[in-house]
Structures are given as structure tokens and as C-alpha cells.
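Observations on the three-dimensional arrangement
What follows is each chain in one-letter form.
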Amino acid sequence: MSAAVPPASSPDVGHLRCVRRAVGGFAWEGVDVLAYKDTGSAPFAGVKRQVLFDGAGRASELRYFEVAPGGHSTLERHHHAHAVIVLRGRGRCLVGDSVHAIAALDLVDVPGWTWHQFRADAGEALGFLCMVDSARDTSVLPTEAELVALRRDPAVRDFLRV
Ligand code: MN
């Protein structure tokens, strides 16, 4: 990290779009709606990704994910942590070995190396902000043995989509 010494003059930010307007429907000027992941790279359904703040000049990135009704994110884990804020809708998430109902403005803390999955299984879209390290490791999928262990809990077994 750079030292906390202020520069002699203010940074030139005239070239930046410091304000990008919300344009309705959880979309923003200059923010592309992207696929969640490359198709075939991991199991998921009905998830779109928007990068609201990328890693340029920051230690963290902030993304907005939206899971369509009936959809789900990938069951995965990784070294980096997630800080999640639900922005719209309802659904459920697995964090570690427990399943939680979630709704708009709930906060979800996903520590490193914790299994996690989000499902929009309440008949409506589930949209959430997710903060991550800019420099981060890639996700790991469960092995068959790890799936067997996770499925020992009936509530988790019923929840999981792989
Ligand atoms: Mn993740």
C-alpha cells in the first residue's frame, strides 16, 4: 500500500466519470451487463454480473449480481472473502454449513474458504452487491467427497444446486 501522504495538488479527475447515473431497473450508465461466468466453466443458472467499481486504484471491487427467479449462483469456495449486501428481492443462501433466508438490505458475510451459493428461490429476482479483493484467487468447486459431506445435512442437501 502507498503511504498516507497527501499529494501536493489534488489529483486530476476530470477524465473520470465520477458520477454514473442509475438508469432504472438496477442498471447504471456506462456499466455493461455481463455473463456471470464463462458458460461451461462452472454450474450456474440465470445470473448476470455488473462491475460497478473495478480494481483500478483500489484494493477492492464492487459488483452487482442479479439472479433471475429460479436461478442460482455456483456452489464454490476460495481464499478471498465476500461482503454481500442484498439490494432487491428475496431468496436463500448457503454459507458454510447452513442455509439462510435473505431479503433486501440484509448483509451476508462469506469468510474465506467457506462454501457458498445464492438462490432466487422465492419467486422473484435476487440482486446483491458483492465486494471482493481486486487481486484474488479463482473459485474452487466441490469434489464428490465434499458434496457427500455437505449433503449429510438434509436442509443443505435440498438447497444445493450443482
Ligand atoms: Mn464466490
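Look above for the structure.
**Details of the overall build of the chain**
What the chain contains, in helices and strands, is two helices and nine strands. The order of helices and strands in the chain, counted from the N terminus, is β-β-β-β-β-β-β-β-β-α-α. Taken over 162 residues, the chain has a buried fraction of 18%.

**Notes on the environment of V140**
As for its placement among the helices and strands, V140 is situated in the loop between β9 (126-133) and α1 (144-150). Once the C-alpha coordinates of V140 and Y64 are considered, the two residues, 76 residues apart in sequence, prove to be 21 Å apart. Setting aside residues up to four positions removed in sequence, V140 forms contacts with E76, R77 and H78.

**Structural notes on the pairing of strand β5 (residues 90-95)**
Two elements, β5 and strand β6 (residues 98-103), share six bridges in a ladder whose sense is antiparallel. Looking across to β6, one finds that V95 is bridged to S98. The turn linking β5 back onto β6 is made up of two residues, and G96 within it adopts a positive phi angle of 70 degrees. Note: β5 against strand β8 (residues 116-119), four bridges, orientation antiparallel. Paired with R92 across the strands is R119, a residue of β8.

About the cut-offs
- Residues numbered from 1 in each chain as written.
- Predicted model: local features only at pLDDT ≥ 70, side-chain atom pairs only at ≥ 80, totals over all residues.
- Helix = DSSP H or I, 4+ residues; strand = E, 2+ residues; numbered from the N terminus.
- Buried ≥ 20, exposed ≤ 12 C-beta atoms within 10 Å, placed from the backbone.
- Contact = placed C-beta atoms within 7 Å.
- Pairing = 2+ DSSP bridges.

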